[in-house]
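# Commentary on secondary and tertiary structure
Here is how the chains run, residue by residue.
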Amino acid sequence: MHFELSEEQLMIQQAARDFAQNELKPGVIERDEHQKFPAEQVKKLGELGFLGMMVDPKYNGSGLDALSYVLVMEELSKVDASTSVVVSVNNSLVCYGLEAYGTEAQKEKYLKPLASGECIGAFCLSEPEAGSDATSQQTTAEDKGDYYLLNGTKNWITNGSNAKYYLVIAQTDRALKHRGINAFIVEKGMEGFTIGPKENKLGIRGSDTHSLMFNDVKVPKENRIGEDGFGFKFAMKTLEGGRIGIAAQALGIAAGAYELALAYAKERKAFGKPIAEHQAIAFKLADMASQIEAARLLVYKAAWLKDQGKPYLLEGSMAKLMASKAAMDVTVEAVQIHGGYGFVKEYHVERLMRDAKITQIYEGTSEIQKMVISRDILK
């Protein structure tokens with residue numbers, strides 16, 4: 001077993017770390033406060049090749065492995081989870097889905113600009129009545145011969161207003177239940193497609209989360225992904241990899257909060273010595289460091305399995321479950337270690353605590369991860 005990163009992976013990790021500190025950290029509090037989308041930063045990430053990391057270079061991707069991707073997600077998330085979720089969605093859900101299951105024509109038209117960072121995409125599965133129960137799609141796609149007529153509403157869509165292309169899951173034949181679901185590529189500006197107001201969120205406030213409405217949107221037949229009825233399987237296979245990205249995000253949030261708490265504990269003095277030298281604080285730091293390292297090994301293993309072409313459903317779910325728990329546990333303790341300073345925005349940890357919560361909810365709640373894990377181990 002080898003636990004060393006390659007020279008290339010270390011360089012990518014350092015590049016992401018430098019970007020986070022130099023490009024994301026300045027202004028991150030203001031973006032959170034005003035719910036400002038990091039458009040300039042996302043553009044630069046595209047130029048660095050971070051928006052199509054695992055895509056084949058022939059489709060304008062960087063051709064990197066999944067482990068390099070999680071290293072980047074971890075470093076960006078230490079500073080700004082609102083930006084890292086844009087990277088996660090574009091890489092794990094949109095680019096992966098198109099490269100793995102799209103036609104050559106779809107890859108030429110849509111994947112290339114997405115992988116190069118020329119534009120970003122969105123993945124549209126959740127609905128008002130279909131969150132964890134993804135089979136209960138109310139959005140419909142009626143087959144009209146050479147096109148589908150799309151009607152319905154999607155909720156909680158990341159990159160909702162800034163995306164150019166949307167992968168939309170919809171029900172074509174209710175009698176077939178999940179086997180009657182399809183996935184479509186919808187373009188911004190198609191007639192009948194409207195974007196609802198931005199959600200006012202607890203965390204990742206810089207990320208633009210919107211509801212999307214489809215009213216008799218004509219989607220060309222060639223924009224369907226895969227065979228008729230492939231949509232549910234497409235969504236599940238795509239989310240399988242997406243879990244690793246969000247697990248890496250959670251890991252980064254935890255690690256970022258820990259690094260801030262560690263530095264503060266060494267500087268802050270109480271009763272004549274740094275608070276890090278008081279056992280109450282030292283033991284908190286020990287627990288935080290251990291929980292982060294355990295989560296890191298799970299996340300890296302899931303990414304490694306994906307790179308090896310091995311099954312990773314179980315490990316991906318374990319990684320997301322434990323990394324998101326670590327994110328919540330560690331950020332709460334980081335605020336506690338900072339005391340009153342942890343409760344104000346200037347010290348960053350309160351934002352990281354707010355950002356951490358969503359990692360237990362989106363791309364499969366912790367409860368759903370436990371369902372996936374339990375089904376697998378009880379086979």
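Residues numbered from 1 in each chain as written. Predicted model: local features only at pLDDT ≥ 70, side-chain atom pairs only at ≥ 80, totals over all residues. Heavy atoms only, no water.

## Section: the UniProt feature "domain: Acyl-CoA oxidase/dehydrogenase middle" (unreviewed entry) in the protein
- UniProt records the feature "domain: Acyl-CoA oxidase/dehydrogenase middle" (unreviewed entry) for residues 122–217 in the present numbering.
- With 0% helix and 50% strand, residues 122–217 has end C-alpha atoms that lie 17 Å from one another. (UniProt positions renumbered as here; feature names shortened; annotations may be inferred. Helix = DSSP H or I, 4+ residues; strand = E, 2+ residues; numbered from the N terminus.)

## Describing a nonpolar patch on the surface
- A cluster of nonpolar side chains, M1, F3 and L297, forms an exposed patch at the surface whose accessible area comes to about 420 Å².
- Its relative accessible area of 87% is what places M1 among the exposed residues. (Patch = residues over 30% accessible without salt bridge, like charges linked within 9 Å, V, L, I, M, F, W, Y side chains within 5 Å. Areas by Shrake-Rupley, 256 points an atom, 1.4 Å probe, with all protein chains shown as cover. Salt bridge = Lys/Arg side-chain N within 4 Å of Asp/Glu carboxyl O. Buried < 20%, exposed > 50% of the residue type's maximum accessible area, 1.4 Å probe, protein only.)

## Focus on the pattern of salt bridges
- This structure, assessed with the given rule, holds 23 salt bridges.
- Linking D32 and R354 is a salt bridge whose minimum nitrogen-to-oxygen distance equals 2.8 Å. Note that D32 is positioned in helix 2 (residues 28–34) and R354 in helix 10 (residues 349–358), a separation of 322 residues in sequence.
- Overall, D32 belongs to the buried group, its relative accessible area being 5%.
- By relative accessible area, which is 13% here, R354 ends up buried.
- Notably, a salt bridge pairs K345 with E33, separated by 3.9 Å at the nearest N-O pair. Highlighted residues: K345 in the loop between helix 9 (313–338) and helix 10 and E33 in helix 2, separated in sequence by 312 residues.
- Given the relative accessible area of 33%, K345 is considered partly exposed.
- A single network of salt bridges, built from pairs that share partners, joins D32, E33, K345, E350 and R354.

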